[in-house]
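# Report on the structure
One-letter residues, chain by chain:
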Amino acid sequence: MDQKKTGSFFKELRKEKGLTQEQLAEHFNVTGRTVSRWETGSNMPDLDILVEMADYYDVDLRELLDGERKSEKMNKDLEETVLKVADYSNDEKMRLMKKLHIFSWIGVVSFMIFITLEGMGLADSGTTENIASLCAGISFGMLIIAVIYTSKYISKVKAFKKRFFQHR
């Protein structure tokens, strides 16, 4: 896929509708800068927005991705499949964000407990020292999990986990 060509096609379609980048951005609930990046080919819209764009401009999804008009229309089954994939992708993102949100809060609460125990001077001995150490470890662990979840490595971790548990 030639992103520059696709971006030029996005710009052409927007101009055919007589819209500014800001107007289009408002319609798709993104920023004008995002639309600019689409049109220069430096960035591509998410799949769900691509599907919306195809509908908005009354073009096939293939036409958007190829950056040019085609004579034949995309068949309805393929279009429905693409819509389902877009919905699945959004649902997967939401599940991932929900997990990340939970991990982040666990980390924050653990860190606050650690800071409180440390500030009160209770993190130096006995059971409270163990609790403070546990809280510090949990907050650090949640930070590592957040970094993994927001990086490209989460798919590798999921694949490893799948292989690991299938062999057991």
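Residues numbered from 1 in each chain as written. Predicted model: local features only at pLDDT ≥ 70, side-chain atom pairs only at ≥ 80, totals over all residues. Heavy atoms only, no water.

## Re unusual backbone geometry
Across residues other than glycine, the phi torsion is negative in most instances, and most of the peptide bonds are trans. Phi at Asn29 takes a positive value of approximately 60°, unusual for a residue other than glycine. Along the polypeptide, Asn29 turns up in the loop between helix H2 (21-28) and helix H3 (32-40). Owing to a relative accessible area of 70%, Asn29 belongs among the exposed residues under this scheme. Despite not being glycine, Asp58 has its phi angle at roughly 55°, a positive value. Relative to the helices and strands, Asp58 is located in the loop between helix H4 (47-57) and helix H5 (61-66). Its relative accessible area of 62% is what places Asp58 among the exposed residues. (Helix = DSSP H or I, 4+ residues; strand = E, 2+ residues; numbered from the N terminus. Buried < 20%, exposed > 50% of the residue type's maximum accessible area, 1.4 Å probe, protein only.)

## Describing the packing of aromatic side chains
Scanning the entire structure with this criterion turns up three aromatic pairs. Ring geometry for Phe28 and Tyr56: centres 5.5 Å apart, planes at 75°, overall edge-to-face. Linking Phe28 in helix H2 with Tyr56 in helix H4, this pair joins segments that are 28 residues apart in sequence. On the basis of relative accessibility, which here comes to 6%, the residue Phe28 falls in the buried class. Both rings, one in Tyr56 and one in Tyr57, keep their centres 5.3 Å apart while their planes meet at 65°; by these two values the pair is edge-to-face. A relative accessible area of 23% places Tyr56 in the partly exposed class. A relative accessible area of 8% places Tyr57 in the buried class. An aromatic cluster is built from Phe28, Tyr56 and Tyr57, whose rings are joined through pairwise contacts. The ring of Tyr56 has Lys17 lying over it, and the distance from NZ or CZ to the ring centre is 4.5 Å. (Phe/Tyr/Trp six-rings, centres within 6.5 Å; stacked < 30°, edge-to-face > 60°. Lys NZ or Arg CZ within 6 Å of the ring centre and 35° of its normal.)

## Side note on H4
Of the residues making up H4, those classed as buried are Ile49, Leu50, Val51, Met53, Ala54 and Tyr57. Asp58 sits one or two positions beyond H4 and adopts a positive phi of about 55°.

## So, the nonpolar core
Within the largest apolar cluster, 19 residues are counted, with the highest numbers of intra-cluster contacts made by Phe10, Met53 and Leu64. Mapped onto this core, the elements with two or more residues apiece are helix H1 (3-16), H2, H3, H4 and H5. The dominant element in this core, judged by the number of residues it contributes, is H4, at six residues. When near neighbours in sequence (up to four residues on either side) are disregarded, Phe10 contacts Trp38, Glu39, Met44, Pro45, Leu50, Met53, Tyr57 and Leu64. (Core = buried A, V, L, I, M, F, W, Y, C linked by side-chain atoms within 4.5 Å. Contact = heavy atoms within 4.5 Å.)

## Digging into the side chain of Glu39
Positionally, Glu39 belongs in helix H3. By relative accessible area, Glu39 is classed as buried at 8%. A polar side-chain atom of Glu39 sits 2.4 Å from a polar atom in the side chain of Arg14. Excluding residues within four positions of it along the chain, Glu39 makes contact with Gly7, Ser8, Phe10, Lys11, Arg14 and Gln21. (Polar contact = N/O pair within 3.5 Å; in protein donor to acceptor, adjacent residues only side chain to side chain.)

## Considerations on the packing of H1 against H3
Geometrically, a packed helix pair is captured by the angle between its two axes and the distance between the axes. Relative to each other, H1 and H3 sit at 125°, their axes nearing to 5 Å. Taken together, the axis directions place H1 and H3 in an arrangement best described as oblique. Only Trp38, Glu39 and Thr40 of H3 make contact with H1, whose side of the interface consists of Lys4, Gly7, Ser8, Phe10, Lys11 and Arg14. Class assignment for the residues of the contact of H1 with H3 results in two nonpolar, three polar and four charged. (Axes fitted to C-alpha atoms, helices over the stretch in contact; angles between N-to-C directions. Parallel < 35°, antiparallel > 145°, perpendicular 65-115°, else oblique. Nonpolar A, V, L, I, M, F, W, Y, C, P; charged D, E, K, R; others polar.)

## Structural notes on the packing of H2 against H3
For the pair H2 and H3, the least separation of the axes is 8 Å and the interaxial angle reads 105°. What the angle tells us is that H2 and H3 run roughly perpendicular. Taking contact as the criterion, the partners of Gln21, Glu22, Leu24 and Ala25 in H2 are, on H3, Gly32, Val35, Ser36 and Glu39. Residue composition of the contact of H2 with H3, by class: three nonpolar, three polar and two charged.

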